[in-house]
Amino acid sequence: MPQAHAPVRFSRLALRASALAATALVFSGMASAQTIEVMHWWTSASESAAVKVLAETYGAAGGTWKDTAIAGTGVAQKAIIARLSSGNPPGASMFNFGKRIDEMASEGLLGDISDVAQRDKWAASVPAPILQAVTYKGKVVAVPVTVAGVNWVWFSPKVLKTAGVAAPKTMDEMFAAADKIKAAGFTPFAIGTQAWQLNWLYGNLLLGNGGRAVYEQFTKADPAVYATPSAAKAMEHLLRVRGLIDPAATNRSWNDSTNLVMTDRAAFQFMGDWAKGEFLSAGKKPGVDFGCMLTPGAQDLYVVMGDAFAMSGKVNAETAAAQKKLAAAVMDPRAQRRFALAKGSIPVRTDVPSVGFDECAVNAMKLMADPKAVVAGAPIVLSGDVNGAITDAIGKIWATPSIKPDAALQMLASAMKAAK
Amino acid sequence: MKRTWRRFGPAMLAISPSLLAALVFFYGCIGWMIYISFTRSKLVPNYEWQGAVQYTRLASDERWHTALGNLVVFGGLLVILSLAIGALLAVFLDQKVRFEGVLRTVYLYPLSISYVVTGLVWQWLLNPEFGLQKIVRDLGFTTFEFNWLADPDRAIYAVLLAALWHGSGLVMAILLAGLRGIDGEIWRASRIDGIPAWRMYWHVIVPMLAPVIATCVVLLSLNALRAYDLVVALTGGGPGYASDLPGKYVVDFSSERSNLGLAAAAAVEMLALLALLLLPQAVMGWRKRRAERLAAGH
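Bear in mind that the values here come from a model prediction, so they are computed numbers and not experimental data. (Residues numbered from 1 in each chain as written. Chains lettered and ligands numbered in written order. Predicted model: local features only at pLDDT ≥ 70, side-chain atom pairs only at ≥ 80, totals over all residues. Heavy atoms only, no water.)

1. Let's talk about the overall build of chain A
Move 1: A tally of helices and strands in chain A yields 19 helices and 12 strands.
Move 2: Over its C-alpha atoms, taken along the principal directions, chain A stretches across nearly 100 × 45 × 35 Å.
Move 3: Within chain A, contacts between residues separated by at least 24 positions form 77% of all contacts whose residues are at least 6 apart in sequence.
Move 4: Counting every atom, chain A has about 17500 Å² of accessible surface; 59% of that belongs to carbon and sulfur.
Move 5: Across chain A, 42 positive and 33 negative side-chain charges occur, with their mean positions spaced 4 Å apart. (Helix = DSSP H or I, 4+ residues; strand = E, 2+ residues; numbered from the N terminus. Contact = heavy atoms within 4.5 Å. Areas by Shrake-Rupley, 256 points an atom, 1.4 Å probe, with all protein chains shown as cover. Lys, Arg positive; Asp, Glu negative; His and termini not counted. Charge placed at Lys NZ, Arg CZ, Asp CG, Glu CD.)

2. Structural notes on helix α14 (residues 317–331) of chain A
Move 1: Between its first and last C-alpha atoms α14(A) spans 22 Å; for 15 residues at 1.5 Å apiece the expected length is 21 Å, and the two agree.
Move 2: Considered for burial, the residues of α14(A) that qualify are A:T319, A:A322, A:Q323, A:L326, A:A327, A:A329, A:V330 and A:M331. (Expected span 1.5 Å × (residues − 1). Buried < 20%, exposed > 50% of the residue type's maximum accessible area, 1.4 Å probe, protein only.)

3. Let's talk about helix α4 (residues 99–106) of chain A
All names here are of chain A.
Move 1: Along α4, the residues that are buried comprise R100, I101, E103, M104 and A105.
Move 2: Elements that come into contact with the buried residues of α4 comprise α3 (73–85), β3 (92–96), α7 (128–133), β4 (135–136) and β11 (302–311).
Move 3: In the segment just after α4, G108 is the residue with positive phi, at about 80°.

4. A word on the packing of helix α8 (residues 184–193) of chain B against helix α9 (residues 197–208) of chain B
Residue and element names in this part refer to chain B.
Move 1: Between α8 and α9, whose axes approach to 12 Å, the crossing angle comes to 160°. Of the possible angle classes, the one that applies to α8 and α9 is roughly antiparallel. Relative to α9, the crossing made by α8 is right-handed. Of α9, the residues touching α8 (which contributes I186, W187 and S190) are M200, Y201, V204, I205 and M208.
Move 2: Here the residues of the contact of α8 with α9 sort into seven nonpolar, one polar and no charged. (Axes fitted to C-alpha atoms, helices over the stretch in contact; angles between N-to-C directions. Parallel < 35°, antiparallel > 145°, perpendicular 65-115°, else oblique. Left-handed = near helix turned anticlockwise from the far one by under 90°. Nonpolar A, V, L, I, M, F, W, Y, C, P; charged D, E, K, R; others polar.)

5. Some remarks on the state of the cysteines
All names here are of chain A.
Move 1: What the rule picks out here adds up to one disulfide over all chains.
Move 2: Disulfide pairing places C292 opposite C360 at an S-S distance of 2.0 Å. The S-S bond linking C292 to C360 shows a torsion near -100°; that makes this disulfide left-handed. Of the two residues, C292 sits in strand β10 (residues 291–294) while C360 sits in helix α16 (residues 359–368), which places them 68 residues apart along the sequence.
Move 3: Since its relative accessible area comes to 17%, C292 is described here as buried.
Move 4: On the accessibility criterion, C360 (1% relative accessible area) is buried. (Disulfide = S-S within 2.5 Å.)

6. Topic: the layout of surface pockets
All names here are of chain B.
Move 1: One number sums up the size of the second largest pocket: a volume of about 730 Å³.
Move 2: Lining the second largest pocket we find 24 residues, and of these M33, V250, A267, M270 and L271 sit closest to its centre.
Move 3: Of all the secondary-structure elements, those providing two or more residues to the lining of the second largest pocket are α1 (2–36), α10 (210–226), α12 (246–254) and α13 (260–296).
Move 4: When residues in the lining of the second largest pocket are grouped by element, the largest group, nine residues, is from α13.
Move 5: Taken together, the residues of the lining of the second largest pocket break down into 21 nonpolar, two polar and one charged. (1 Å grid on protein atoms, 1.4 Å probe; cavity = no way out; pocket = protein on both sides within 12 Å on 5 of 7 lines; lining within 4 Å. Points joined across faces, edges and corners; volume = space filled by probe spheres on them.)

7. Focus: the interface of chain B and chain A
It is common to give the size of an interface as the accessible area that goes away when the parts come together.
Move 1: Across the contact, 25 residues belong to chain B and 22 residues belong to chain A.
Move 2: Measuring nitrogen to oxygen at the nearest pair gives 3.0 Å for the salt bridge that ties A:D385 to B:R57.
Move 3: Applying the counting rule to chain B against chain A returns nine residue pairs in polar contact (both at pLDDT 80 or more).
Move 4: Tallied by class, residues from the side of chain B that touches chain A come to 11 nonpolar, seven polar and seven charged. (Salt bridge = Lys/Arg side-chain N within 4 Å of Asp/Glu carboxyl O. Polar contact = N/O pair within 3.5 Å; in protein donor to acceptor, adjacent residues only side chain to side chain.)

8. So, the confidence of the model for chain A
Residues and elements named next belong to chain A.
Move 1: A residue-level look at chain A finds 92% of positions with pLDDT of 70 or above and a mean pLDDT of 89.
Move 2: Looking across chain A, the model is least confident in helix α1 (residues 2–34), with a mean pLDDT of 55, and most confident in strand β7 (residues 152–155), with 96.
Move 3: Contacts for the low-pLDDT stretch residues 1–5, under 50 throughout, to residues beyond four places or in other chains number zero contacts. (pLDDT = per-residue confidence, 0-100.)

9. Thoughts on empty space enclosed by the protein
Residue and element names in this part refer to chain B.
Move 1: Under the counting rule described, the total for this entry stands at five cavities of 30 Å³ or more.
Move 2: Residue lining of the largest cavity: 13 residues in total, with F74, L78, Y115, A163 and N223 positioned closest to the centre.
Move 3: Put simply, the parts of the chain that give the lining of the largest cavity at least two residues each are α3 (62–93), α7 (155–180), α10 and α11 (229–234).
Move 4: When the residues that make up the lining of the largest cavity are grouped by side-chain class, the tally is nine nonpolar, three polar and one charged.

10. Structural notes on a nonpolar patch on the surface
Move 1: Side chains of B:I15, B:L19, B:L20, B:L23, B:V24, B:F25, B:F26 and B:Y27 sit close together on the surface and give an oily, nonpolar patch of about 890 Å² of accessible area.
Move 2: By the element assignment, B:F25 lies in helix α1. (Patch = residues over 30% accessible without salt bridge, like charges linked within 9 Å, V, L, I, M, F, W, Y side chains within 5 Å.)

11. Overview of the nonpolar core
Move 1: Counting 149 residues, the largest nonpolar core has A:W122, A:F189, A:Y202, A:F218, A:Y226, A:F268 and A:F309 as the members making the most contacts within it.
Move 2: Among the elements that take part in this core, helix α10 (residues 195–219) of chain A stands out by supplying 10 residues, more than any other.
Move 3: Among residues more than four places away in sequence, those in contact with A:F268 are A:V153, A:W154, A:F155, A:L160, A:P168, A:M174, A:I181, A:P188, A:F189, A:A190, A:V261 and A:M293.
Move 4: By size, the runner-up hydrophobic cluster in this structure holds 38 residues, among which are B:L160, B:L225, B:L262 and B:A267. (Core = buried A, V, L, I, M, F, W, Y, C linked by side-chain atoms within 4.5 Å.)

12. A few points about the sheet that holds strand β8 (residues 187–189) of chain A
Across a sheet, paired strands are connected by hydrogen bonds in the backbone, their directions being either parallel or antiparallel.
All names here are of chain A.
Move 1: What the four strands build is an open sheet, ordered β8-β9-β7-β10; its pairing is mixed. The two strands at the open ends of the sheet, each matched to only one other strand, are β8 and β10. Across the sheet, the mean angle separating the axes of adjacent strands is 20° when strand polarity is ignored.
Move 2: The pairing of β7 with strand β9 (residues 266–270) spans three bridges and is antiparallel. Across the sheet, W154 pairs through a bridge with Q269, a residue of β9. (Pairing = 2+ DSSP bridges.)

13. Regarding the side chain of A:Q194
Residue and element names in this part refer to chain A.
Move 1: For Q194, the location among the structural elements is in the loop between β8 and α10.
Move 2: Only 3.0 Å separates the side chain of Q194 from the side chain of W196, close enough to count as a polar contact.
Move 3: Non-local contacts of Q194, meaning those with residues more than four positions away in its chain, are made with N251, R252 and S253.

14. Considering the packing of aromatic side chains
Centre distance and the angle of the planes are the two values used to describe a pair of aromatic rings.
Move 1: Tallying each qualifying case throughout the model produces 25 aromatic pairs over all chains.
Move 2: Grouping aromatic residues by their ring pairs yields a cluster made of A:W42, A:Y58, A:W65, A:F309 and A:F339.
Move 3: Between the NZ or CZ atom of A:R242 and the centre of the ring of A:W398, over which it lies, the distance is 5.1 Å.
Move 4: One cation-aromatic arrangement involves B:R257 over B:F253; the distance from NZ or CZ to the ring centre is 5.0 Å. (Phe/Tyr/Trp six-rings, centres within 6.5 Å; stacked < 30°, edge-to-face > 60°. Lys NZ or Arg CZ within 6 Å of the ring centre and 35° of its normal.)

15. Section: the environment of A:I80
All names here are of chain A.
Move 1: Tracing the backbone through its elements, the reader meets I80 in helix α3.
Move 2: Under the relative-accessibility criterion, I80 is labelled buried at 1%.
Move 3: With 126 residues separating them in the primary sequence, I80 and L206 have C-alpha atoms 33 Å apart.
Move 4: If we ignore the near neighbours within four places in the chain, the residues touching I80 are M39, W41, S93, M94 and F95.

16. Topic: the packing of α3(B) against α10(B)
All names here are of chain B.
Move 1: It is at 9 Å that the axes of α3 and α10 come closest, and there the two elements cross at 145°. Note on packing geometry: the crossing formed by α3 with α10 is right-handed. Contact residues: L71, F74, G75, L78, V79, S82 and L83 in α3; I213, C216, V217, L220, S221, A224 and L225 in α10.
Move 2: When grouped by side-chain class, the residues that make up the contact of α3 with α10 number 11 nonpolar, three polar and no charged.

17. Structural notes on the pattern of salt bridges
Move 1: Taken as a whole and judged by the stated rule, the model has 27 salt bridges over all chains.
Move 2: Here the residues in one salt-bridge network are A:D392, B:R63, B:D244, B:K248, B:D252 and B:R257, joined through shared partners.

Here it is in structure tokens:
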């Protein structure tokens, strides 16, 4: 009996085998046509979940997402630059909005997705400073993925209530409140005295005291900004903060400082909206356990920074097509919404409904939609060198207890001038 | 020439791959770095010759001056104090103590810990809120101050402390091995002559151990020059940049500051410093070999 059935079985087997082979061929053909390798450093739990949203959107559009995630921002950035400078770039790689994108583009290492930007009318839904951050000499070289706020102040409602102060609206109010908070036995400012955190603080003090005009003079690396009265007032405020911190602030990391606010031992922390992630992962509720406000004196402005996927240049036609598909997928409103919810940030598009976002995000999204409110933050506009030079100078100023504000401002101005 | 080739030919052939690798990757890369230091390379190399602009900037950069000064202080003290501590420990262990093996392991143990962990541990120890300062204060000395990490003048000594703790064990082990290699006869002779032990050590043993000590000096100098992860983990560069070292300066500027040109110039200055340090030793060695060759009548 087996002998009689053998030919039928064989042909059925052959049919199945050839069907399998054909399917494999089709799939491999599909994969090679639409595969894109994306290099990034989003490896924490919330970040990975957010990247998965984008990968799923890209997959639903008929492509294969090849994920190259590298833990550690510094390590990842070096790896990305090495790959881009070699002859074997990835399809897309992550960059902070900023001078690095310009530098890579000026070396001819980035591609051009201006046609996608035109077709999908990014100019209508993305705030101008963000679109500018991904444009080099009129060509759109990267797709903005997420936006983060620079001028956030995280505070403890319990500490403010116990000290009997209201959430300040101006810098003067904030420092008057700080004195009361100190008298009540709490730490007014939660900060670690690492140079970058002090630089971050001074940037916000400058913004709060001088508003948009002075801040933009600062981000354009004009050393004359340190001669303005707002800069002098901000420097006085910075030196006052010295007496308004706790003794364990030395070289403390930013998230340990956030912990002070979280456990209601300190009142205010100036930090970007990644600090919100710390509160949320500890189960704290915005508005109840912690409060969020924008820098006093500039609460009608939203100062932004963010991340983009830069499209590599010098790629073959297949990868170029995949890049355009990626750009469209990232900017898809539904993908932007799910991505922002997963990561704890806000969408780069202004036409995403704010239902489901927490109250801090809702406030930010409202400001994002107002073209007069969005300001490009220092991390976007200042070069790494200038930012580093003034960070060094601020560190030195902080480490010199007897320094006078004039001398400090002079130090900052000459540091900025030397690094330009 | 032909005789040299026949004698050394196979050996030269055998080492030629590594020689080639050393030439290309070592000297070739150093040459490339020297060239880059004369350009305005930012994030990626840019080969346009720009003259000595980066060196001009270095000459007026306060942070670089601080780093160089710190290197002299840190390096000098590291070598001297490591040798002193290592020598004391080695002499102590050489006295035929009972638990020599255990003690040797204990003193050598810090060497197995990475610089990053060393830096972190010492950062916790030096933290005023829960480190040594608090412990001593809890013991009753309420005005005890030990907050070097916050003091810009003392931060580099905190790095020195951690580096001493980490590396003294190695110096001890090397010197102990050297001491063990000394003939017992010398000790017997010294006892017959009635020479006190400390005088023996200082006037006889130390000169005999000169090559071993030289090895230790070289190792320690290299450790000091290469110090990077310890600084990052312990002080992050110190209050401001008070505990900065040239290694950290170069890495910072080549990565996050996006200024390859300046980093290369700083690295070239480090190389020049090292060459200057090794120059006397090289000249002495060259003179010695020349004298030997003349004496042998070549």
